[in-house]
Every structure is written in C-alpha cells, then in structure tokens.
Amino acid sequence: MNEHDTPATGSEVTPTSGPGAPVRLDQGHVVGEGGVPERFTNPGLPPHTPRMADLGEDAAKRAEKQVATLFGISMLGTVLFIVLYFAIDVEQTVFIPGIGLTSASNFALGVTLAMGMLGIGFGAVHWAKTLMPDEEIVESRHPMRSSQEAREGFVGTLSEGGSDAQLGRRPLIKYTLGGALGLFAVPLVVQVAGSLGPMPQKSLSLTFWNGGPSGPGEEPEFVPLRLVRDPENTPIKASDVTIGSVFHVLPEGLLDLEVHRLEEKAKAAVLLMRLDPDIIESQKELDWGYQGIVAYSKICTHVGCPVGLYEQQTHHLLCPCHQSTFDVTQDCKVIFGPAKRPLPQLAITVDDEGYLVSTQPFREAIGPSFWERGL
Amino acid sequence: MTTSTSRPADALREGDSTPTTPSSATARKIGGLGGWVDDRTGSAKPAGYLMKKVFPDHWSFMLGEIAMYSMIICLVTGAFLTFWYVPSMGLTIYNGSYVPLRGIEMSEAYKSTLDISFDIKGGLIIRQIHHWAALMFVVALVVHMFRVFFTGAFRKPREINWVIGSVLALLAIVEGFAGYSLPDDLLSGTGIRAMQGFVQSAPVIGSYLVYAIFGGPFPGELIIPRLYSAHILLIPALLVGLFTAHIAIVFIQKHTQFPGPGRTNDNVVGYPVMPVYAAKAGGFFFIVFGVTALISAVVGINPIWGYGPYDPSAVTACSQPDWYMGFADGALRLLPGWMEFEAFGYTISANIFPGALILLPLVYIVLGIYPFVEKWATGDNREHHLLERPRNAPVRAGIGMAGITAYTVLLFASGNDIMAIKLDMSINDLTWFFRIGFFVLPPIAFWITKRVCLSLQRRDRDTVLHGIESGTIIRTPDGRFFERHEAMLPEDQWILVQHDAVAPLELEAGVDANGVARKTGHLDRARARLSHFYFADAVNPVTPAELAAAHHDGQEMESIEASGGPGALEGEKEPEASGPTRR
C-alpha cells in the first residue's frame, strides 16, 4: 500500500523522553514512549468499495446516458445562445419573476451561455465520478532537498565560474561592475518619477475663490466672486435663501472654464445654508456670514468626499463616505467620525444688487490634510 | 566507407529502425501527432509523467481551483472588454440608447462603459461576468488562504508558495480596485477621490505623490489611462507570472493530503491527472464559468448607469467600495479624528494613513511572515506533506480566527451607514461598538477557538479510549444499565491518533555538563515563551499504552481521562466492545 522503503522525508525526531519532559530547543516534536509501541501504526488504505457502475453494466449504461444527456444540454445551450444572439434586440426588456424588468438579451445570453458551460462541466464530472477508475493510486514522495553531491556540485560550479572569470583576482572589475549594475536603472526611475506630474506648488492651498484658476504655477489675485448655483450657474439673492434651505454653490466663472473645470470644482465646491442667527454659537461664523446665511467648503477635511448630507433639524452635515459629522451651528466643528478639522468657512456678504458674494478667499487649505498644509 | 547492405528508404542512417507500430488505430493517431512534437521537443517523457501525476482528493482543494478559474474568466472577458472600452477622460456628450443620460456631458470612459452595457449586444453579460468573476476570484482566494492556514499547509517546504500566495492576494485587491475605477462613474470616481485623500495624507511626500499619480491636480485627465495600463498590463503580468510559479511549485512539491489510513508523509494517495483530474478539474472550469454566467444573467452588478458621470462636487449616499476594499474603508471610519496632529507646522494625519496606506500592505506582510514565526516557535524543521486537522493546532486556529474576527469587524464597520439605516440604530453607537470590538473581539475569538479545538481533541481522545457510543443500552442481570460502546475500525481510529504529540520547547538547564553556567539569551527565552504559548496546554493523541490501559481497567482509564463517562465514574468495568462496525 504505501512506500515504507522510501526515505522518510519528515520522519519523527528520535524520542529522548516522554511528552511533557523538557525538550532541547534544537529539537522538534517528541513522541512519547511506553512498554507498548509508542504510537499507532498506519492501518493502510481501506479496501476499495466498488460503485454501481463497476458492478453492473446496467448502471454503467445509465451513467453513460446521463453524461451524454448533459453534453447534449450543453450543445443545446450553445445553439440557443447563437439563435437568441441574433433574435433578441439589444434594447428589448423582459419581465422575469423574481428579478423584475431586465434586459432580455442579457438574461437570455447569460442563461444559454451558462447552459453550454454547465452541461460540459457537470457531464465531465459525472463521467469521472461514475465511469472513470476510482481506485486510489499511491505515488511516493521524495525529499525536496537534492543529494549532497548535487548541492556541492552546484556550489562548486558557481565558485569555479567566479574564479574562472577571475572575479576574486580582479577586484577592480568586481567593484566597477557592482557600481554599474547598481546605477544603470537610475535614469529610468528618474524619468518616471520626474515626469509623472508637476510639482503641486501652492495649488493645494488655493481655490477658484482666490480670484480665478488655481492650478500649479497660477497665483490668482483676489476679486470678490458671486456665489452661483451648481449646475444652473445663476447668482443667488440673499432673499432667495430661506431658513432651512441648502444650496450647492460654485464661484461665478468656474462653470464657464474651458479647461480644468473639474479640477477647480473639486476644490471650490461650497454649501450655502441659512440658519436662525440665534442658534449660531460662533461669533466668527456670524461675522463671516450674512444674516445667518453661511457658506462652508463642501470638501470633507477627511479624505475629500463631498459632504453631501445635511440634516435640517440638527444642522449637522454628514459625509457619506466615512460618516464624519460637522455641526453647522458650531462653525462646522467635527462632532463625530474620523475627520479632525472643521470645514473651512467662506466669508460672504451681499453686493449692490443684493447677490451673495465672497469677501475673501478661504483662509486655509480646503479638503484632506497634507503634510505642509499648515505652512 | 560505404556499406554494402541495403536499407529501407525511410531510414536515412544506418541503424535507423522503423518505429514499432502501435496496436490500435487511436493509439496510432495520437502517437503520430505526439510523435511529430516529440521528435522536435522530446516532451513525451515529461508529458507522460505529468499525465500520470497523482493528486489527492478533498473538497477544500477546489477553493484554489475556483480562484484560478475565476482569474482565467477575468482574463478572457477582460480581453473582450478592451475592444470597446475607451480609457479616456476626454469629455463628450452622451447620446446612446440609455435615455435618462442623453445629452449629458461625461468622460469617454463612462460613455464607452454605457455603450458596452446598452448598445453592444452581449456586452452587458460580458461586463457582468467580468465583475462577478473578479469578486469570486478574491473570495475564493481568501477562503483558499484560510484552508491553507488552518491545515498548516504553509509549513516547510511550502513557505515560498505561501509568500507567493500572499503577494497574489494583495495584487488581486489592487487589480480589483483599478478595474472598479475604470468606468469613471460617480461611485467609482468617489472611490478615486478617497484614494487621492489617502495618498495625500502620506507624511512628507503626500502632496507630491498625489500630483505624480494624477499628473497634476485631482482629478486631471490621466488617472483613468494610468489605472487602465495598470489594470490590463502591469498587474495582470505580475498576477499571471506569480500564479504560474504558484502552480509550478505545487506540481514540483506534490499536493498535500489530509491524514488518513494509507496516507503518509512519504506518499500521495489520489487519482491520476489522466483521465480523472483532466475530467474533474477541466469540468470544474466549465462549472465555475457556467455559474458565473448564470449569476450574471440574473443578478445585476455595479449598475453604473444609475450613478451618473463623475462630478467632484456630487456624491451618492451610502458610498461603498467593492467588498475586498471594505476592511481598509472600515478602518478609516473607525480611526478617530483626534489622531491627526501638527508638529513644527507640519500636519501628521494619523487618522488616515494608518488605515489607508499602512493597513493593506501590513495585513499581507503579517500573513507572509507567519510561517516563519510558527516555525521558530515550534522548532520544527521537518518537511510536512500531511495536513493537520485544524483542531490539532489549537493556537494556530485561534490566531487565525482572531485575525478573521479583526478583519470582519473592519469589514462590517465599512457598512456602518447601511447598518444604521437598515437596523434603525445610531451610527455613532455602531461606530463605537466596532471601535471597541476591534480590540475586544479578536482575543475572545482566539480564546473560544482554542477552547473549542482543545475540547474537540479531548473528544477525539475520548472516542478512541471508549469507542463509539452505540445508543444501545444494556441491562445487566443485577439491574444496572450501561451504554454499549463499539470498538472503532482501525481506519477510523487512525485519523484520531495519527498526529504527533507535542510539547513546548524548554530552556536548557542553567549549567552545562561541566557545571558551568550556560548563557540563555533574550532570544532563547522569548522563543521558549512563544513555544509555551503554542503548546503549554496541548492535548496529545492517545498512545497504544493509554488505550491498552483503558481497555484493561475502567479505574486505570479514569486516572488517564478525567472526563470519563458515567460508567467510569462508578468505577465500573468497561463493557466488552462488540465487533467493529463501519461508520
């Protein structure tokens, strides 16, 4: 049954003492001893139990038919797939009980493709289980390590090769080769690392509210910008903002940009809310707002998701990505969740025509933290 | 030097002989084609060897197969998808057949994904198979890893393959994230946005790294083409290369097998590749493909048309990544904000980068080095080809379950918003529950698992010592009752007693043979402690001596097994076992 004559790959360490007794650190497991054999012996493979198909030709014939049927189903599925591929229009929908309204071609093609695959799969497995030999075969293992000669031969060849190449005798070659191999990849790394993108410069700390495009190398000069609705691009009158309302706001001119519109939007998005001034606890918040109308950066100070959920009753802003919660009555202080800093406030007022307008840019970098944001 | 002997026309050289003709027509046909190849490659011998190779059989060995087949399905369907997908962030106006989005400005990437879903016949089924197979790939890979871990299949000589497997698992996740981001819809765009925040939080180099990855300010126009190149070229090349090495090593080392009668550390008992595994494993590929196709036909996944194009100022509620990113996302939700601080004017975002940048590689580094830690603790340098039953390594099982528990807490934490809505609970309470749970639950899981394993081992000992409970109650002439226990078949008994007895490594005596004090280093002491942690309360298998003692006298057995049956407690002689029965 098994190859006891082959060299044992993982034979037990010779027992020195019974279990529980001290074992030296350089030894492995120790097997207990006693008057009787130390351990049970492997009883060997149990006798083989023949299957139905091994005993009678009837059962074998039946299995043959079952396998053939499954292969037949596969062919049928494949043919149906081809027919339905041409027969069903891609826009057609169909109601399937339990799924609802769904794309007819997706359903039909998926099911027929599955039929084609599963027929072959189940057929082949059934064939193997019923008709192919099921008597277990024993193959012997050999230790993974090579013979001692082979190992020594390998080391010998390697060191001989080195000495044949005069590696040891010519240190100048050895060290210059090491240097050259160590350095040759540097140009490639420099090319990739250097050219992937520009330096951020100040652009992480600037937004369109600074007066215009704020990409790397651009330093806009501040001009007051009207607050406009996103996406309507219309200015907002203070009187339009009733208590409890929320506006998604961008600086005027941003939506008219030809280039880098999304990049500017990702930094300049603002939420505009109106609260009863009496419930606002922060004097700075009141000062930077206008009659209880306050504007805060919409970009979460955690990892930058838009803070999209406003609870009107509690005046909490909630970020849907990681649930940082900001209290608008307390200058958007973090009251729960993984963000640390409050949302930066945008100082606003109204211009001569009664439209809301910024009075200064954000006074700190908006959005997620970065190493040099405090500088 | 001419020879005078004539030779047949097809023997070019002297001594050439006509090959012997195979007996049957089929054999001749195969031999003909095979012979043509063999004449040029000499591959008959290795190919014949491979076809005769024996593989052991166990349902859990299919898990790796599912992972392998899911990967192949992804490669095939992914190649299809590249024919239609346009990896560009250039803006265009949609006017395809999905009415709600007509006239809306969007990226070429999103538009082409919509076209695959609505305008290309069969495109949706291929896209859905690709996504489902990707999810299945990561699931199967993780469960396969569990199997390898809990059965100790990573032990010598398979440490290299365990490390390769860990790298594969990490790459699979990165590959998944890159692919998930390609449609450039609102949901995946939000994922990229969060990734941008993660990278930006890296100390010192964060902002430079972000501008390098995005080629400028977020979102830029380069991230989709770059993720595309990573998704279809760089990572798949690594995946396929490492996967090939993984499989080749399995072939070279031969598959491990579960212990059982006739199975030893020096053999492999199972079925040959030709024909059994060719049919079973080959058929199984079709089953995995078929099941994936069926799921894709009936269950929609990632309906990107519902989210709309990416817009950095818009967001969907309940933003969720694919499941395999969940644990990192959950960690981010649990890390409290106060961990961010400023030092010398620089901001250190300790509330972000530990979960976002460190956790993912850390998990796989810890996994990768585990075999070496365990080997150091056990001092076991033997080759192991027989798997361990998980219960026979209680501490390892405990460590595994503790790890799984910590991972699961983080995974559930990433769904805290959905749970809060569905269960009508406070999200703050849930977050606190997970925060505390992350530290409290893994040790509890460790303890419970270890206790369960030890109890199962004791149960095994009990079964060997007392036989199988037959359910037959016997009444003795003097009116006493006992249950008849049946002796086990040697084959059944072997599974319960085959494993090695273990004991913790002890420090050597303080003095050597000459009475000179020996130095015990810190390392030795740490090692002894670790070994105690593993084996201090080990339950060892029944030895023949113990079994003999149990059979001879119930009293003596009582002294061996504290947990004897009620009969034993009364000091009653163990009833004679009846003949073996096959369970």
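Residues numbered from 1 in each chain as written. Chains lettered and ligands numbered in written order. Predicted model: local features only at pLDDT ≥ 70, side-chain atom pairs only at ≥ 80, totals over all residues.

A. The arrangement of the overall build of chain B in detail. Helices and strands together make up the secondary structure of chain B, namely 20 helices and eight strands. Burial statistics for chain B: of 583 residues in total, 44% are counted as buried. A sequence separation of at least 24 residues applies to 70% of the contacts in chain B between residues at least 6 apart. (Helix = DSSP H or I, 4+ residues; strand = E, 2+ residues; numbered from the N terminus. Buried ≥ 20, exposed ≤ 12 C-beta atoms within 10 Å, placed from the backbone. Contact = placed C-beta atoms within 7 Å.)

B. Here's a closer look at the overall build of chain A. Of regular secondary structure, chain A possesses eight helices and 14 strands. Compactness check: chain A gives a C-alpha radius of gyration of 38 Å against a globular reference of 21 Å for 375 residues, more than 25% above the reference. By principal-axis analysis of the C-alpha atoms, chain A measures approximately 100 × 75 × 55 Å. (Rg over C-alpha atoms; globule rule 2.2 N^0.38 Å.)

C. Quick look at the interface of chain A and chain B. With 107 residues of chain A at the contact, the number on the chain B side is 110 residues. Elements that contribute at least two residues to the side of chain A that touches chain B include exactly α3 (104-130), β3 (137-140), α7 (261-268) and β11 (333-336) of chain A. Counting residues per element, the side of chain A that touches chain B draws most heavily on α3 of chain A, which supplies 17 residues. Residues of the side of chain A that touches chain B, tallied by class, amount to 59 nonpolar, 31 polar and 17 charged. Across four bridges, β3 of chain A lies against strand β4 (residues 267-272) of chain B in antiparallel orientation. Bridging from a neighbouring strand, Glu-139 of chain A pairs with Val-268 of chain B of β4 of chain B. (Nonpolar A, V, L, I, M, F, W, Y, C, P; charged D, E, K, R; others polar. Pairing = 2+ DSSP bridges.)

D. The arrangement of the packing of helix α11 (residues 326-334) of chain B against helix α13 (residues 394-413) of chain B in detail. Residue and element names in this part refer to chain B. Packing of α11 against α13 leaves a shortest axis separation of 6 Å and a crossing angle of 75 degrees. As judged from the angle between their axes, α11 and α13 are roughly perpendicular. Seen from α11, the contacting residues are Gly-326, Phe-327, Gly-330, Ala-331, Arg-333 and Leu-334; seen from α13, they are Tyr-407, Leu-410, Leu-411, Phe-412 and Ala-413. Split into classes, the residues belonging to the contact of α11 with α13 amount to eight nonpolar, two polar and one charged. (Axes fitted to C-alpha atoms, helices over the stretch in contact; angles between N-to-C directions. Parallel < 35°, antiparallel > 145°, perpendicular 65-115°, else oblique.)

E. Layout of the sheet that holds strand β10 (residues 325-327) of chain A. Residues and elements named next belong to chain A. One open sheet holds the four strands; their spatial order is β8-β9-β10-β11, and the pairing between them is antiparallel. Only two strands of the sheet have a single neighbouring strand rather than two, namely β8 (309-311) and β11. Between one strand axis and the next, the sheet turns through 35 degrees on average, direction left out of account. Both β8 and strand β9 (residues 316-318) contribute to a ladder of three bridges, which runs antiparallel. Note on β9: the bridge partner recorded for Leu-309 is Leu-318.

F. Expanded view of helix α7 (residues 186-200) of chain B. Between the first and last C-alpha of α7 of chain B there are 21 Å, a value that for 15 residues agrees with the 21 Å anticipated at 1.5 Å per step. Of all the 15 residues making up α7 of chain B, 15 are buried; the element is thus mostly covered by neighbouring parts of the structure. (Expected span 1.5 Å × (residues − 1).)

G. Region of the structure containing the domain arrangement of chain A. Each domain of chain A was delimited in the assignment, giving domain 1 (54-130) and domain 2 (208-358). Inter-centroid distance (C-alpha atoms) of domain 1 of chain A to domain 2 of chain A is 57 Å. (Domains from an automatic or database assignment.)

H. Main features of the environment of Tyr-407 of chain B. Position of Tyr-407 of chain B relative to the elements: it lies in helix α13. In this structure, the C-alpha to C-alpha distance between Tyr-407 of chain B and Ala-109 of chain B, residues 298 residues apart in sequence, is 33 Å.

I. Structural context of the sheet that holds strand β6 (residues 270-274) of chain A. Residue and element names in this part refer to chain A. Spatial strand order, β4-β5-β6-β7-β12: five strands in an open sheet with antiparallel pairing. In this open sheet, the two edge strands, each paired with only one partner strand, are β4 (227-229) and β12 (345-346). In this sheet, strand β5 (residues 246-251) lies alongside β4 in antiparallel orientation, the contact comprising three bridges. Across the sheet, residue Leu-227 finds its bridge partner in β5, namely Pro-251.

J. Quick peek at the nonpolar core. Within the largest apolar cluster, 185 residues are counted, with the highest numbers of intra-cluster contacts made by Leu-227, Val-249, Val-270, Leu-272 and Ala-295 of chain A together with Phe-137 and Leu-141 of chain B. If one sorts the elements of this core by residue count, helix α5 (residues 123-150) of chain B sits on top with 16 residues. Looking at which domains feed residues into this core, each of domain 1 (54-130) and domain 2 (208-358) of chain A gives three or more. In terms of nonpolar packing, the next biggest core, distinct from the first, is built from 10 residues, Met-488, Trp-494, Leu-547 and Ala-550 of chain B among them. (Core = buried A, V, L, I, M, F, W, Y, C linked by C-beta atoms within 7 Å.)

K. A look at unusual backbone geometry. Here the residue pair Asp-230 of chain A and Pro-231 of chain A is connected by a cis peptide bond, since its omega of 10 degrees sits within 30 degrees of zero. The residue Pro-231 of chain A is located in the loop between β4 and β5 in this model. Going from Phe-218 of chain B to Pro-219 of chain B, the amide bond is cis rather than trans, its omega being -10 degrees. Not every positive phi belongs to a glycine, and His-315 of chain A is a case in point at roughly 60 degrees. Residue Asp-184 of chain B is not a glycine yet carries a positive backbone phi of 60 degrees.

L. Region of the structure containing the confidence of the model for chain B. Residues and elements named next belong to chain B. Across chain B, pLDDT averages 87, with 88% of residues at or above 70. Within the model, the stretch residues 555-583 combines pLDDT values under 50 with 45 contacts to residues more than four positions away or in other chains. The ipTM value of the predicted complex is 0.86, and its pTM value is 0.88. (pLDDT = per-residue confidence, 0-100.)

M. Here's a closer look at the environment of Ala-503 of chain B. All names here are of chain B. In this structure, Ala-503 sits in the loop between α16 (490-497) and α17 (522-535). Using a count of 22 C-beta atoms within 10 Å as the deciding quantity, one classes Ala-503 as buried. Spatially, the C-alpha atom of Ala-503 lies 44 Å from that of Val-288, the residues being 215 residues apart in sequence.

N. Layout of the environment of Ala-536 of chain B. Residues and elements named next belong to chain B. Secondary-structure assignment places Ala-536 in the loop between α17 and α18 (544-552). Residue Ala-536 is classed as exposed on the basis of its C-beta count, with 11 C-beta atoms lying within 10 Å. Separated by 34 residues in the primary sequence, Ala-536 and Val-502 have C-alpha atoms spaced 9.2 Å apart.

O. The pairing of strand β6 (residues 346-349) of chain B, seen in detail. Residues and elements named next belong to chain B. Here β6 shows a clear split, with Thr-347 and Ser-349 buried on one side and none of Tyr-346 and Ile-348 buried on the other. Pairing between strand β5 (residues 340-343) and β6: four bridges, direction antiparallel. Residue pairing across strands places Phe-341 opposite Ile-348, the latter belonging to β6. Counted along the chain from β5 to the antiparallel partner β6, the turn is two residues long, and its residue Phe-344 has a positive phi close to 55 degrees.

P. Structural detail: the confidence of the model for chain A. Per-residue pLDDT for chain A averages 88, and the proportion of residues at 70 or more is 91%. Segment residues 1-23 of chain A is flagged for pLDDT under 50; beyond a separation of four residues in sequence, or across chains, it makes 54 contacts in the model.

Q. A look at the packing of helix α15 (residues 427-466) of chain B against α16 of chain B. Residue and element names in this part refer to chain B. Across the interface, α15 lies against α16 with an axial gap of 9 Å and an inter-helix angle of 145 degrees. Where α15 crosses over α16, the two elements pack in a sense that is left-handed. Contact residues: Asp-460, Thr-463 and Val-464 in α15; Gln-493, Leu-496 and Val-497 in α16. (Left-handed = near helix turned anticlockwise from the far one by under 90°.)

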